[in-house]
Amino acid sequence: MRSKIEKLYTGIIFIFMYAPIVTLMVLSFNSSKSRAKWGGFTLKWYINLIHDSSVLNAMANTLVIALISTVIATVIGTITCVGLMGVNRRSRAVIMGITNIPMINADIVTGISLMLLFKVLHFETGFVSVLIAHITFNIPYVMLAVLPAMKTIDPNVYEAALDLGAKPFHAFRKAVLPNLTSSVLAGALMAFTMSIDDFIITYFTKGSGFDTLSTKIYNEVKRGIRPEIYAISTIIFAVVIVLLMMSERMRNRHASVRKDAPLYKVEKRISRRRFILMLVPAFAIIILGMYFGGVFKRKSNQLFVYNAGEYIDPEIIEMFSEETGIEVIYDEFETLEIMYAKIYQDDAAYDVLCPSDYMIAKLIDNDMIQELDLDKIPNRKNIGQQYMEASKAFDPGNKYAIPYCWGTVGILYNTTMVDEPPTSWDVLWDEKGAGEILMQDSIRDAFMVALIRNGFDPNTTDPEELAIAADDLIAQKPLVQAYVIDQAKDKMIGGEAAYAVTYSGDVMEAMAGNEDLDYVVPEEGSNVWLDCWVVTKKARNPEAAMKWIDFMCRPDIALKNFEFIMYSTPNTAAWEMIEDEELKNSEVAFPGDDVLKRCTSYTYLGEEGDQLYNDMWKKVKTGE
Amino acid sequence: MPINRKTSRLLNSPYVAWAVIFIIVPLFMVFYYGFTDDSGSFTFDNVAAIASPEHMHSLLLAVALSVVSTVICFILAYPLGMILARNKASNRSMIITLFILPMWMNFLLRTLAWMTLLENKGVINGVLDFLHLPGINIINTPAAIVIGMVYNFLPFMILPIYNSLSSIDDSVIFAARDLGADSKQTFFKVTLPLTVPGIISGVTMVFIPALTTFAISTMLGGSKILLIGNVIEQEFTLSYDWNLGSGLSIVLMVFIIINIVVSSISDKKGEES
């Protein structure tokens, strides 16, 4: 009876641990993108994965960082443990106390502290900074494994070796080290595991253009769940299982050989063979990883581009590289505020950015972007005159910015989940939509909705008006399913919610993915925005940056890009080439004056205004 | 092992240098930024900012969720540890490995798995719907975050508890029985006190990462629920306010230090008894 209950209990926890993993593995073979339905068996997510170089890069980086940091941490950690034997008690306590800090301290604090160090020293964050961080948190794991074994070693053996004429190092290697091997390996394994699994510390120390698998997955997940990620999970789990079985077999073989051979011989042969067995793949991985991961970035002919998520046709990046020979390092941000913070903290991180109107004004105001070399951007003539006029609102002389895409903000809704088509923002405060509403997780857009609903200007800096809007957003919070940015599209296609505040560009693709969806720009008014390419002041490759912008203005490129991302293009030459009449005259992508008349652009509100919005937003997000 | 002072200093110096540059100095910088303002003059404001309603709320919520998660982990792990420790079969190490194995899956993938399961149109609801049962609606609630924490950190609780349970000498248990203790008394007077160090290390290994996480709350809380980890993260990635972010980190460190002090006191008590 008792053993039955025990088995049942163990079984339940076992299922709890493995059911989620099995789910991921099953879904990786599901041809339907929906998580709840089985659409048939497929391998296409794996095939996509093989073609996704950024994921392969991230995998390579993860392995290279883990291997190198493990080796260095193991060497330093072991040497230090030996050294600790010769110091007095107090210094040993001090050293061990310091060693404990990274283990006990929260990862977020360790990550932040290292980030501050790198930033203050103007140390370029990337591969090396992440490696340093990983070595730092790995050494303690090695020391913790090795030190107890060190203490059990009989000093007489070492002394005997010395008495027999061995030199100290030789004596150490022959008489001491063999007894440490298993603990050193255990420490190294622990360090390797910790390095592979780390997300938080890498997140804070990684800099631009460098991702490990963890940070890559985090970015991907924030954009909606792609089945390719399930495929990664399955691969990782399969590798872990294989490694486990290999180590188990090795242990068994080790045990069986030992019986019939003199101990020391076996020990030697096995350990050497094992050593080579481990070294060969390790070196192979490091070399391959460096090759694929492009570890030594920042070559001369590179361009660092920072754009919003899912905001370009990836083929265009490849075409640009092929034509110009410039390698593009392409990173994505979630919101303009995050982009600004990144550039503010590391002004040379990127060459080209793609911010919206109000953010461009802020960048100009803070002297963070440079005037464009317009002679090098002849294709700018393809941009419609009205858009160049519109951009004068934030860039008076048309000197800093070239328009890329524009659009409105409105409500994307699922016609099968609502009683009647919404016309007003009020629907987002209606109890009937409880749990079915996706709000924008970006400060200005969220406040715009609440401000306009209360009859205020979306560019207000009046604390009282903002307080009213903030209270309104807090009152709405129980009805909100989630605050999202790029996930909105994915969730709406999947039927997860009835309403989402979205950008018109996402609407086009969402409607293509789910025909029940429709879009409205509420009649109280909304926001119209214009995103432009700009070049940072400290850009390392302004030459390439101008080429990039010119390339993006080419009609064929702008058209190809429009057909992929479906965000309204200000490129008149490209617009004229759109063959699909329905698309060309789409009310969503190219709204008429009646819609535009009720839309306002955001303006830059100054440091204090921004601070006010930030504080209020924090209140909304933490309030109840 | 006798090593002379000179050699040992030589052997220790690389690590000491490393630790000073990459552990001590960075921590000092957190304190520097935490106790200064924009212009670099001394202030308590950044640390005191924890008392503001927004920060306090996120801190208290983080404490509440991580305490609940830690307790659940403990309740799940202890019986499991006992069952596993009693199992003397030869495949014991294999079974233990099975419970630790999910740790080798990437932490974010483990969390992603729960997103997939708990979503409104997710796997669990799909199955419930298929069986004509009412669906569940816990994604983007504190409950979802607790599930994510428990799932991610449970192995950290199982391992130390199992280790301390399996290192108890059977003869101690027999002695207790011989002296007339029933099984309940044996458990509370002998087994439990002997595993206190294991429990404490398990609690620390679950509580601190749970208290300071921002990824789990972002992914399973739909950005609706801000824990103190999220607030600190956003000070660096969104508001670029290093001073406030560092100040709040110092508060977090105080919590960690309290945790260590409390555990080392009860650790000593455990040893005495």
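The structure displayed is predicted, hence computed values, not measured ones.

1. Description of the overall build of chain B
Counting secondary structure elements, chain B contains 13 helices and zero strands. Reading the helices (α) and strands (β) of chain B from amino to carboxyl end gives α-α-α-α-α-α-α-α-α-α-α-α-α. Across its three principal directions, the C-alpha atoms of chain B cover 75 × 70 × 35 Å. Classification of the 273 residues of chain B by burial places 47% in the buried group. Sequence-distant contacts in chain B: of pairs separated by 6 or more residues, those separated by 24 or more amount to 72%.

2. Observations regarding helix α20 (residues 504-513) of chain A
For α20 of chain A, the set of buried residues is S504, G505, D506, V507, M508 and A510 of chain A. Those residues of α20 of chain A hidden inside the fold are in contact with β5 (402-414), α19 (487-493), β8 (499-503), β9 (517-520) and α22 (555-565) of chain A.

3. Comments concerning the interface of chain B and chain A
As a measure of interface size, the accessible area lost when the parts come together is often cited. Across the contact, 82 residues belong to chain B and 82 residues belong to chain A. At 19 residues, the largest contribution of residues to the side of chain B that touches chain A is made by helix α1 (residues 5-34) of chain B. Classifying every residue of the side of chain B that touches chain A gives 52 nonpolar, 23 polar and seven charged.

4. Overview of the confidence of the model for chain B
Residues at a pLDDT of 70 or more form 96% of chain B, whose mean pLDDT is 89. As a predicted assembly, this complex carries a pTM of 0.91 together with an ipTM value of 0.93.

5. Structural notes on unusual backbone geometry
Apart from glycine, the bulk of residues carry a negative phi angle, and the bulk of peptide bonds sit in the trans form. The residue M566 of chain A is not glycine, and still its phi comes out positive at about 60°. Overall, M566 of chain A belongs to the buried group, with 23 C-beta atoms counted inside 10 Å. Although it is not a glycine, S223 of chain B adopts a positive phi angle of roughly 60°. Relative to the elements of secondary structure, S223 of chain B occurs in the loop between α11 (215-221) and α12 (228-237).

6. Concerning the environment of A401 of chain A
All names here are of chain A. By the element assignment, A401 lies in the loop between α16 (385-391) and β5. Note on A401: 29 C-beta atoms within 10 Å, which makes it buried. Measuring from C-alpha to C-alpha, the distance between A401 and N514 comes to 35 Å, with 113 residues separating the pair along the chain. Ignoring anything within four residues of it in the chain, the contact list for A401 reads I360, S391, D395, C532, W533 and V534.

7. Structural notes on the pairing of strand β2 (residues 327-333) of chain A
Residues and elements named next belong to chain A. Both strand β1 (residues 302-308) and β2 contribute to a ladder of seven bridges, which runs parallel. From the neighbouring strand, F304 faces β2, where its bridge partner is I329. For the handedness criterion, the β-α-β arrangement of β1, helix α13 (residues 314-324) and β2 is classed as right-handed.

8. Topic: the packing of helix α3 (residues 53-86) of chain B against α12 of chain B
Packed helices, taken two at a time, are described by the angle between their axes plus the distance between the axes. Residue and element names in this part refer to chain B. α12 packs onto α3 with a crossing angle of 135° between their chain directions and a minimal axis gap of 7 Å. Relative to α12, the element α3 is oriented oblique. Counting all contacts with α3, which are made through H55, S58, L59 and A62, the residues of α12 involved are I228, G229, N230 and V231.

9. Things to note about the nonpolar core
In globular proteins that are soluble, nonpolar side chains generally tend to be buried together. In terms of nonpolar packing, the biggest core is built from 139 residues, with V142 of chain A together with L108, L112, F153, M157, I158 and V206 of chain B touching the most fellow members. Mapping this core onto the domain boundaries places at least three of its residues in each of domain 1 (2-49) and domain 2 (50-224 + 260-293) of chain A. By size, the runner-up hydrophobic cluster in this structure holds 106 residues, among which are I360, I452, M546 and I565 of chain A.

10. Looking at the pairing of strand β7 (residues 480-484) of chain A
Residue and element names in this part refer to chain A. The element β7 is largely enclosed, with a buried count of five among its five residues. Relative to β7, strand β6 (residues 437-440) runs parallel, the two sharing four bridges. Along β7, the bridge assignment pairs M439 with Y483.

Definitions and cut-offs
Residues numbered from 1 in each chain as written. Chains lettered and ligands numbered in written order. Predicted model: local features only at pLDDT ≥ 70, side-chain atom pairs only at ≥ 80, totals over all residues. Helix = DSSP H or I, 4+ residues; strand = E, 2+ residues; numbered from the N terminus. Buried ≥ 20, exposed ≤ 12 C-beta atoms within 10 Å, placed from the backbone. Contact = placed C-beta atoms within 7 Å. Nonpolar A, V, L, I, M, F, W, Y, C, P; charged D, E, K, R; others polar. pLDDT = per-residue confidence, 0-100. Pairing = 2+ DSSP bridges. Right-handed = clockwise from strand over helix to strand, strands pointing away. Axes fitted to C-alpha atoms, helices over the stretch in contact; angles between N-to-C directions. Parallel < 35°, antiparallel > 145°, perpendicular 65-115°, else oblique. Core = buried A, V, L, I, M, F, W, Y, C linked by C-beta atoms within 7 Å. Domains from an automatic or database assignment.

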